[in-house]
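Listed below are the residues making up each chain.
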Amino acid sequence: ARRLAHGWRMLDQIPSSPRALGLAGLLPMAALLAVVIGGGDGWRFGALALGWLYAALIFSFLGGLWWGLAAAAGPRAPVWLYTASVLPSLVALASLTPWLIGEPWPGPSLVWLGIGIFASPLVDRRVAALGLAPPWWLPLRLLLSSGLGLMAVAMGLAA
């Protein structure tokens with residue numbers, strides 16, 4: 001109970017605009033997941049493809065955030081952070097490959113993107129530990145990446 005209360009206090013430390021907009025950013029994936037699970041067969045592939053696109057865009061956006069934090073840190077930025085910042089876009093692009101060669105898509109690609117998004121707070125944790133992000137960064141990133149990552153995996157498994 002104490003740990004849960006601490007978690008809620010951490011969420012209260014997130015400024016209202018990033019918290020509200022971040023949570024709103026989960027809504028498109030939630031709606032698409034609902035269509036995949038409960039919609040008709042005619043809507044299924046479109047919802048899966050849009051879910052893949054949204055996950056790929058958000059994962060790439062995360063890389064852009066990391067690049068921006070590294071650039072803002074100037075010479076204090078570790079080289080690994082620049083490397084980490086380009087990986088999400090490359091992973092997102094590579095996740096399109098199965099479709100290009102006639103393999104099953106987008107289910108497996110959604111699972112891989114979801115795992116990447118779910119794991120992305122590992123980078124955020126290091127960024128926060130280095131003092132390159134505001135104190136509310138990690139709680140927000142944990143919340144959003146957990147939500148989007150789990151929904152992408154669920155959508156991929158439902159494919």
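Residues numbered from 1 in each chain as written. Predicted model: local features only at pLDDT ≥ 70, side-chain atom pairs only at ≥ 80, totals over all residues. Heavy atoms only, no water.

Brief notes about the overall build of the protein
What counts here: Only DSSP runs of H or I covering at least 4 residues are called helices, and only runs of E covering at least 2 are called strands; the numbering of each starts at the N terminus. Two things to know: the radius of gyration comes from C-alpha atoms, and the globule rule equals 2.2 Å times the number of residues to the power 0.38. We call two residues in contact whenever any of their non-hydrogen atoms come within 4.5 Å of each other.
In terms of helices and strands, the protein carries nine helices and zero strands. Ordered by position from the N terminus, the helices and strands of the protein form the series α-α-α-α-α-α-α-α-α. What you see for the protein is a C-alpha radius of gyration of 17 Å, in line with the 15 Å of a compact globule of 159 residues. In terms of overall dimensions, the protein has C-alpha extents of about 50 × 40 × 25 Å along its principal axes. For the protein, restricting intrachain contacts to residue pairs at least 6 apart in sequence, the fraction spanning at least 24 positions comes to 73%.

Details of unusual backbone geometry
Residue Pro-106 is bonded to the preceding Trp-105 through a cis peptide linkage, with omega at 5°. Topologically, Pro-106 is positioned in the loop between α6 (97-100) and α7 (107-119).

A few points about the packing of helix α5 (residues 79-94) against helix α8 (residues 121-129)
The test is simple: Every axis corresponds to a line fitted to the C-alpha atoms, with the helix fit spanning only the stretch in contact, and the corresponding angles, defined between N-to-C directions, vary from 0 to 180 degrees. For classification purposes, angles smaller than 35 degrees are called roughly parallel, those larger than 145 roughly antiparallel, those between 65 and 115 roughly perpendicular, and all remaining angles oblique. Less than a right angle of anticlockwise turn of the near helix away from the far helix marks a crossing as left-handed, whereas a clockwise turn marks it as right-handed. Charged means Asp, Glu, Lys or Arg here, nonpolar means Ala, Val, Leu, Ile, Met, Phe, Trp, Tyr, Cys or Pro, and polar covers whatever is left, Gly included.
Orientation of α5 relative to α8, taken along the N-to-C sense of each, is 150°, at an axis distance of 11 Å. By the angle between their directions, the pair α5 and α8 is classed as roughly antiparallel. In terms of crossing hand, the pair formed by α5 and α8 is left-handed. Here Trp-80, Leu-81 and Ala-84 of α5 come into contact with α8, specifically with Val-123, Arg-126 and Val-127. Of the residues contributing to the contact of α5 with α8, the split by class is five nonpolar, no polar and one charged.

Concerning the packing of helix α4 (residues 41-73) against α7
When two helices pack together, their arrangement is given by the angle between their axes and by how far apart the axes lie. In contact at an axis separation of 10 Å, α4 and α7 are set at 30° when each is read in the N-to-C sense. Considering their axes alone, α4 and α7 lie roughly parallel with respect to each other. The handedness of the crossing between α4 and α7 comes out as left-handed. Judged by residue contacts, Leu-48, Gly-51, Trp-52, Ala-55, Ala-56 and Phe-59 of α4 engage Ser-109, Leu-110, Leu-113, Gly-116 and Ile-117 from α7.

Things to note about the packing of aromatic side chains
Here is the rule: Aromatic pairing here means that ring centres of Phe, Tyr or Trp (its six-membered ring) are within 6.5 Å. Orientation follows from the plane angle: under 30 degrees is stacked, over 60 is edge-to-face, and everything else is tilted. A 1.4 Å probe rolled over the protein chains alone gives each residue an accessible area, and that area as a share of the maximum for its type sets the label: buried under 20%, exposed over 50%, partly exposed in between.
In this structure the tally under the stated criterion is five aromatic pairs. Consider the rings of Trp-52 and Trp-105, whose centres lie 5.3 Å apart with planes at 65°: the pair is edge-to-face. One end of the pair, Trp-52, is in helix α4; the other, Trp-105, is in the loop between α6 and α7, and 53 residues separate them in sequence. Looking at Trp-52, the relative accessible area reads 11%, which means it is buried. Taking 5.9 Å as the distance between ring centres and 45° as the angle between the ring planes, the aromatic pair formed by Trp-99 and Trp-105 counts as tilted. For Trp-105, a relative accessible area of 15% puts it in the buried group. Members of the aromatic cluster, connected to one another through ring pairs, are Phe-45, Trp-52, Trp-99 and Trp-105.

Side note on the side chain of Ser-120
Threshold: Here a polar contact is recorded for every N or O atom pair within 3.5 Å, except that within protein the pair must consist of a potential hydrogen donor and a potential acceptor, and residues adjacent in sequence are included only if both atoms are side-chain atoms.
Structurally, the position occupied by Ser-120 is in the loop between α7 and α8. Here the side chain of Ser-120 touches Ile-117 through a polar contact of 2.7 Å, landing on its backbone oxygen. Among the polar contacts listed, one links the side chain of Ser-120 to the side chain of Ser-145, at a separation of 3.1 Å. In contact with Ser-120, not counting residues within four places along its chain, are Phe-59, Leu-62, Trp-66, Arg-141 and Ser-145.

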